[in-house]
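Okay, here's what each chain looks like letter by letter:
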Amino acid sequence: MTDTKSAKLILDNKSFDLPILQPTIGPEVVDIRKLYGQADIFTYDPGFTSTASCDSTITYIDGEKGELWYRGYPIEQLAKQSHYLEVCYLLLYGELPDQAQLEDFENRVTRHTMVHEQMNNFFRGFRRDAHPMATMVGVVGAMSAFYHDSTDIADPMQREIASIRLIAKLPTIAAMAYKYSVGQPFVYPSNELDYASNFLNMCFSVPAEKYHVDPALARAMDRIFTLHADHEQNASTSTVRLAGSSGANPFACIAAGIACLWGPAHGGANQAALEMLQQIGTVDQIPEYIRRAKDKDDPFRLMGFGHRVYKNFDPRAKVMKESADEVLDLLGIEDNETLKVAKELERIALEDDYFVEKKLYPNVDFYSGIILSAMGFPTSMFTPIFALSRTVGWIAQWKEMIADPQNKIGRPRQLYVGSDKRDYVAVSKR
Ligand code: SDX
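Rules and cut-offs
Residues numbered from 1 in each chain as written. Predicted model: local features only at pLDDT ≥ 70, side-chain atom pairs only at ≥ 80, totals over all residues. Heavy atoms only, no water. Helix = DSSP H or I, 4+ residues; strand = E, 2+ residues; numbered from the N terminus. Rg over C-alpha atoms; globule rule 2.2 N^0.38 Å. Contact = heavy atoms within 4.5 Å. Areas by Shrake-Rupley, 256 points an atom, 1.4 Å probe, with all protein chains shown as cover. Lys, Arg positive; Asp, Glu negative; His and termini not counted. Charge placed at Lys NZ, Arg CZ, Asp CG, Glu CD. Near = heavy atom within 4 Å. Polar contact = N/O pair within 3.5 Å; in protein donor to acceptor, adjacent residues only side chain to side chain. Nonpolar A, V, L, I, M, F, W, Y, C, P; charged D, E, K, R; others polar. Salt bridge = Lys/Arg side-chain N within 4 Å of Asp/Glu carboxyl O. Buried < 20%, exposed > 50% of the residue type's maximum accessible area, 1.4 Å probe, protein only. Phe/Tyr/Trp six-rings, centres within 6.5 Å; stacked < 30°, edge-to-face > 60°. Lys NZ or Arg CZ within 6 Å of the ring centre and 35° of its normal. Pairing = 2+ DSSP bridges. Disulfide = S-S within 2.5 Å. Axes fitted to C-alpha atoms, helices over the stretch in contact; angles between N-to-C directions. Parallel < 35°, antiparallel > 145°, perpendicular 65-115°, else oblique. Left-handed = near helix turned anticlockwise from the far one by under 90°.

1. Side note on the overall build of the protein
Consideration 1: Counting its secondary structure elements, the protein contains 18 helices and six strands.
Consideration 2: Relative to the 2.2 N^0.38 estimate, which gives 22 Å for 430 residues, the radius of gyration of the protein is 23 Å and therefore close to what a compact globule would have.
Consideration 3: Within the protein, contacts between residues at least 6 apart in sequence are counted, and of these 70% link residues at least 24 apart.
Consideration 4: On the protein, roughly 21,600 Å² of surface is accessible, and the fraction owed to carbon and sulfur atoms is 53%.
Consideration 5: When the 45 positive and 56 negative side-chain charges of the protein are each reduced to one mean point, those points stand 7 Å apart.

2. Some thoughts on the site of the ligand
Consideration 1: Around the ligand sit 24 residues in total, of which His231, Gly304, His307, Arg316 and Arg390 are the nearest.
Consideration 2: Here Gly304 contributes a backbone N or O atom positioned 2.8 Å from an oxygen atom of the ligand.
Consideration 3: In isolation the ligand offers 1,000 Å² of accessible surface; the protein chains occlude 77% of this area.
Consideration 4: Residues of the shell around the ligand, tallied by class, amount to ten nonpolar, seven polar and seven charged.

3. Focus: the pattern of salt bridges
Consideration 1: Following the criterion strictly, the structure yields 23 salt bridges and no others.
Consideration 2: In this structure, the salt-bridge partner of Lys8 is Asp17, at a minimum N-O distance of 2.9 Å.
Consideration 3: When its relative accessible area of 57% is taken as the criterion, Lys8 is described as exposed.
Consideration 4: Where Arg223 meets Glu326, a salt bridge forms, and the shortest distance between an N and an O atom there is 3.4 Å. A residue pair is termed long-range when its members are at least 10 positions apart, and Arg223 in helix 9 (residues 215-227) and Glu326 in helix 14 (residues 315-330) qualify at 103 residues.
Consideration 5: Glu326 gets classed as partly exposed once you look at its relative accessible area, which sits at 44%.
Consideration 6: One network of salt bridges, in which partners are shared, links Asp104, Arg108, Glu160 and Lys399.

4. Remarks on the packing of aromatic side chains
Note on aromatic pairs: each is described by the distance of the centres and the angle between the planes.
Consideration 1: As enumerated under the stated definition, the model contains 21 aromatic pairs in all.
Consideration 2: On the numbers, 6.0 Å between centres and 90 degrees between planes, the contact of Tyr93 with Phe105 is edge-to-face. Highlighted residues: Tyr93 in helix 3 (residues 84-93) and Phe105 in helix 4 (residues 99-110), separated in sequence by twelve residues.
Consideration 3: A ring pair is formed by Phe199 and Phe377, whose centres lie 5.9 Å apart and whose planes are at 15 degrees; its orientation type is stacked. You can see Phe199 sitting in helix 8 (residues 195-204) and its partner Phe377 sitting in the loop between helix 17 (364-375) and helix 18 (382-403), a full 178 residues away along the chain.
Consideration 4: Judged by relative accessible area, Phe377 falls into the buried class, the value being 4%.
Consideration 5: Here the aromatic residues Tyr84, Tyr178, Tyr195, Phe199, Phe204, Phe225 and Phe377 are joined through ring pairs into a cluster of three or more.
Consideration 6: Note that Lys318 overlies the ring of Phe313, its terminal NZ or CZ placed 4.4 Å from the centroid.

5. Description of the sheet that holds strand 6 (residues 73-74)
Consideration 1: Here three strands make up an open sheet; going across it, the order is 4-5-6 and the pairing antiparallel. Because the sheet does not close on itself, it has two edges, and the strands there are strand 4 (59-62) and strand 6.
Consideration 2: Pairing of strand 5 (residues 67-70) with strand 6 involves two bridges; the strand directions are antiparallel. Within the sheet, the bridge partner assigned to Trp69 lies in strand 6 and is Pro74.

6. What to know about unusual backbone geometry
Consideration 1: Phi angles above zero are rare outside glycine, and Glu232 is one such case at about 60 degrees.
Consideration 2: Tracing the backbone through its elements, the reader meets Glu232 in the loop between helix 9 and helix 10 (235-245).
Consideration 3: The residue Lys359 is not glycine, and still its phi comes out positive at about 55 degrees.
Consideration 4: When you line up the elements, Lys359 lands in the loop between helix 16 (353-357) and helix 17.
Consideration 5: The class for Lys359 is partly exposed, based on a relative accessible area of 37%.

7. Focus: the state of the cysteines
Consideration 1: The tally for this structure, following the rule as stated, stands at zero disulfides.
Consideration 2: Cys88 carries a free sulfur, and the closest cysteine sulfur to it, the one in Cys203, is 17 Å from it.
Consideration 3: Judged by relative accessible area, Cys88 falls into the buried class, the value being 0%.
Consideration 4: Take Cys253: it sits in no disulfide, and the sulfur closest to it among the cysteines is that of Cys260, at 13 Å.
Consideration 5: Residue classification places Cys253 among the buried positions, given a relative accessible area of 1%.

8. Things to note about the packing of helix 9 against helix 18
Consideration 1: Running from N to C, helix 9 and helix 18 point in directions that differ by 65 degrees, and their axes come no closer than 8 Å. The angle between helix 9 and helix 18 places the two elements in the roughly perpendicular class. For the pair helix 9 and helix 18, the sense of crossing is right-handed. Contact with helix 9, carried on its side by Met221, Ile224 and Phe225, involves Ile385, Leu388 and Ser389 of helix 18 and no other residues of that element.
Consideration 2: In terms of residue class, the contact of helix 9 with helix 18 is built from five nonpolar, one polar and no charged.

9. So, the pairing of strand 5
Consideration 1: Burial along strand 5 is one-sided: Leu68 and Tyr70 are buried, while Glu67 and Trp69, pointing the other way, are not.
Consideration 2: Direction of pairing for strand 4 relative to strand 5: antiparallel, over a ladder of four bridges. When the bridges of strand 5 are listed, Tyr60 appears paired with Trp69.
Consideration 3: Where strand 4 folds back onto strand 5 in an antiparallel hairpin, the turn is made up of four residues, including Gly66, whose phi is positive at roughly 65 degrees.
Consideration 4: With antiparallel pairing between neighbouring strands as the criterion, strand 5 and strand 6 make up a hairpin whose turn holds two residues, including Arg71 at a positive phi of roughly 55 degrees.

Scope: geometric values only; no functional claims are made or implied.
Written as structure tokens, this is what we have:
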């Protein structure tokens, strides 16, 4: 980063020069790292709407233009021309692999897909109706109790092994969470299947009969993984970075990211969006829900709409919408009432002054649930699929932070508005 310009802050007739750092592309940043030491003042930005928490080379988003690049490659091109494990390589190592590098990476991931057999016991401790995200948070966190040989974050080789283990085992753990919730036996990973086909097989095959993975569905699944792989410094990625800044092991950091992603304002929105579409039920009910979404006194929000960064459209939603049409067509699901409600809701919302003024467009979660539901996943599995897709992004960001010589523990301050100093009063005198 270079600083060729600076910003001047005048406080009580004192002037402070704050360097302005230059990006490759996107907004410049005002470097305030020395501000508190020089001026004894904090900046204030709850929700971090105007704050850059780090510098990164991984993902670029332009909210106005609706652009999303992984290592400079537009998401539209990667979703259509690449595949998830190649995108994982790109996010982790910064460049697209050649054929030999790709094959080696895919072999390394494939040979780490099984989990320690004793981890099966963790699932038995949960109720069968536990939300799969609850089991995933628990089981992924417990990985640090099994893979001690890849928890020393100071050792680059252990960081690499932990990264491969997490990318390889998250689909297995997500599929186990699903199987446990439906009372079916766990299905072991199958090394002759590709990543997406393996996940579908672990979720939907049963010992009693042969299961054939439809290559077109596997392609759609793989595309969903790619569309969710990384997204700059979103809430769950920031959680992973903050946990990692304390030196916590990678399994604990990813478990923290899964916990944060679960929230309905974040990754939990794909489940909430489909449930909302099903609650609306039919197109004629849409106006009532639009009214409620606009009512300040009504906590209802249109799930799957709006985004902290995208104020035009979410490029992932556009690809997802095309995929939804393809998958429903492939499965012969013509009169999908939910898709009709989704498309009509999108059309109305994009014409409504409230949504236009607040720049609320469908985000990545709006259409993903329609595809996943058509594939046979219950809504409770939508966020676990988001979590397994995003694991590579969390890891890439975590590795970037650990390797950064500037890396230090994240420790924000506050604007204290509580009680002034006062003396203790004995209970007999209160
Ligand atoms: C993801 O950050 C990422 O990159 C996240 C993500 C990723 O890949 O990691 O992209 C994944 O989390 C996508 C977002 C999924 N969440 C939802 O679909 C839930 C519904 N959306 C909202 O909760 C909301 O839009 C957020 C949380 C996504 C963004 O909220 P912001 O940027 O903090 O904006 P805000 O809540 O301050 O809203 C601004 C205004 C408010 O009105 P005013 O107070 O200004 O009058 O817009 C309104 C809000 O009331 N608003 C909505 C709305 N979203 C915002 N009104 C109705 N329906 C909505 N969905």
